[in-house]
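Structural overview
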Amino acid sequence: MQLVEHRTYGKGKILKKRFSGFELYVEFEDEITRWVRRDEVRFLSETPILSKHGLLEPVLTKEQFKARQIIEALRLGVVPHKYVEKFTFGRGEEIKQIKSWLDNQNDGVLAMLGEYGVGKTHLLEYIYSFALNNNWAVSIIELDPNEAPFHKPKVIYEKIISSFRFRHRNGDFRAFLRQIASSAYFYESNSHEYLGRAVEKIRNGTDGEYTWEWIEGKPSWYYYPPMYEYSTCANIYCYLLSGVGWAVKNILGMNGFLILLDEAESVDHYWYSSYQNNKAWNFLRGLILMANNDELLLKEVREGKFYEHPIYKGWWGDYTDLQYCGYKQLSFIWKIPCNVKIVFAFAPSWVLNKEPLNSLENFELENLDERSLIEISSNIIKLYQRAYDFQANVNSNYFNDLIPKDKTRMFIKSIIDLLDLMRFHSDKSIEELLK
C-alpha cells in the first residue's frame, strides 16, 4: 500500500488512481477519502513487511494513554470527542436548556452567545457528542470570512456534508445515502430533485466517484441537476439540507438533523462588500426560516409569487423577500417539517441586534464560577499525574489562586503549562517558576 502526505490533509494511503495517475484517491488519517492531484502530495516509503515477533509490552497502560491523550488535547484547547461529555463542568443550566430545545419540535434555531475563550466551542462539541449518542445526525463546522463565508452557500453546504455523522459516528454522508437507497421506503426521496437522483444512481449501481463528489458539493464533472456556485443560489442548498433532515427522520427513523455553526459572527458586513453582505444575510435568513419550517417558503414557490429587486435584480420571494437562484427557483425547504435544527455560536457582535437574529431563542455563556474552576483544575491535576506518573504536591484551590480565570480556555492551558514547569523543574518552588 503506497503512502503519501498532503500539505493540508496530512498522511494517507492511495486506494486508486485516475487520468493516468494524475489524480489519486487517498484515504487520509481523518478517515475521509478525497481525490487529490499527484503533484500535491509527497510520496512516502512503501509500508514495510515486518516479520512476526512476540507481543511487545505497551509503553503506557491504557489508563495512562487515555489520560495523556486528554492532556495533550487540552494543551491545544480542545477535548477529544469521546471524552467531552465527561469533561464538561459548570454548564448544567445551559445543557438543560439545550436538551429542552432539542425536544421542542416548534423551535428550529438556537443562538449561543459568549466572549472569546469562554467555552462556546467546547459546549458545541458537547452538543455534538450528546446528539450523536441520542439518535441524531449531526454536522459541526467553523465558519470563516475567508474560507467558509455565508455568501458562498455551496462551500458551507460542502463543509456540512463533509462533517455529517450519524449512528454514534459510525456513518458518514455516503453511508447515510446508501442506507436510504437500501431502505424499504427509498421511494419517499424520489421527488427530491437532488437526493432522489443520487439514490436512484446508488440503487442501479451507477454511483461512481463523480456522483458522490456532485451530491457532496465537491467539484465534479457530473452536473445534473447542477450544483451552482453562485452566491444567489442559497435556496438550492437550503432545499438540499432540508431534504437530508426529512430523510433522516422519515426514512431512517432518527430524531432529525442537527447543524452546529461555530464563529457565526463572521456574518458581520465588516468582512464583505455590500453585494456579498446582501447574499450572506439572504442565506442566513433562508437557513433560519427553513429550520423553523416557515410555510411561506413553500407558498411563494407554489403560487409563483416573485418580484424583481430594484437594486439586485433577480428572483425574490413576495412573502419572504428571499432571493432565489435565477436558474432554479426551488423552495428553500423541501417538505414541512424538515426536521433540521441549527445552533449558531456567536461572539459579541452588533449583528445580534439585527433581524432575524434578535428574535432567536438564545442563552449567554458566562465565565465559569469558582467551584467549577476548582473541579476542572482538580481533574486536570489527577489526569496529569496519571499521564506522566508525576506527583504534583499542590491542591487545586492553591492552583486557582495563581492562574487568571477570566477565559476558560486560557485557564486550562495555563494549568497544564504550570504542571509542565513543575515536572521539568522539580527543584524549584511554584513561586520561583512563575517569576
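Scroll up a little and you will see the structure.
Presented here is an overview of the structure given in this document.

What counts and how
All residue numbers refer to positions counted from 1 along the written sequence of the respective chain. At least 70 in pLDDT is required for a residue's local features to be given in this predicted model, at least 80 for side-chain atom pairs to be given and counted, and no such filter applies to totals for whole chains, interfaces and linings, which use all residues. Side-chain numbers come from the whole structure's heavy atoms, not from hydrogens or water. Secondary structure follows DSSP: runs of H or I at least 4 residues long count as helices, runs of E at least 2 residues long count as strands, and numbering of each begins at the N terminus. Think of it in three bands: with a 1.4 Å probe and only protein chains considered, a residue is buried below 20% of the maximum accessible area for its type, exposed above 50%, and partly exposed in between. Whether two residues are in contact is decided by their heavy atoms, any of which lying within 4.5 Å being enough. Using a 1.4 Å probe, the Shrake-Rupley method yields the accessible areas, and only the shown protein chains count as cover for residues. The charge count treats Lys and Arg as positive and Asp and Glu as negative. His and the chain ends do not count. Just so you know, the charge point we use is NZ for Lys, CZ for Arg, CG for Asp and CD for Glu. Axis definition: a line fitted to C-alpha atoms, over the contacting stretch in the case of helices. Angles run 0 to 180 degrees between N-to-C directions. Any angle from 65 to 115 degrees is called roughly perpendicular, while one under 35 is roughly parallel, one over 145 is roughly antiparallel, and all others are oblique. Throughout, a crossing is termed right-handed when the near helix is turned clockwise from the far one, and left-handed when it is turned anticlockwise from it by less than a right angle. Buried Ala, Val, Leu, Ile, Met, Phe, Trp, Tyr and Cys residues that are joined via side-chain atoms within 4.5 Å together make up what is termed a nonpolar core.

A few words now on the overall build of the protein. Looking only at helices and strands, the protein features 14 helices and 13 strands. Considering only C-alpha atoms, the protein reaches an extent of 80 × 60 × 40 Å along its principal axes. Buried residues in the protein amount to 51% of all 435 residues. Taking the contacts inside the protein whose residues are at least 6 apart along the sequence as the reference set, 67% of them involve residues at least 24 apart. Accessible area of the protein: about 21,900 Å², with a carbon and sulfur share of 49%. Measuring between centres, the 54 positive side-chain charges of the protein sit 5 Å from its 58 negative side-chain charges.

The next thing to look at is the packing of helix H1 (residues 62-75) against helix H11 (residues 370-388). H11 packs onto H1 with a crossing angle of 125 degrees between their chain directions and a minimal axis gap of 8 Å. Considering the angle they form, H1 stands oblique to H11. Helix-helix and strand crossings are classified by hand; for H1 and H11 the assignment is left-handed. Each of Glu 63, Gln 64, Ala 67, Arg 68, Ile 70, Ile 71, Glu 72, Leu 74 and Arg 75 in H1 lies in contact with H11, whose residues at this interface are Ile 380, Leu 383, Tyr 384, Arg 386, Ala 387 and Tyr 388.

What follows covers the nonpolar core. Residues Phe 150, Phe 173, Phe 176, Leu 177, Ile 215 and Phe 344 are the most contacted members of the largest nonpolar core, which totals 76 residues. When residues in this core are grouped by element, the largest group, eleven residues, is from helix H8 (residues 234-250). If near-sequence neighbours (up to four positions away) are discounted, Leu 177 is found in contact with Leu 195, Ala 198, Val 199, Ile 202, Trp 212 and Ile 215. Within the second largest apolar cluster, 30 residues are counted, among which are Phe 390, Ala 392, Leu 418 and Leu 419.

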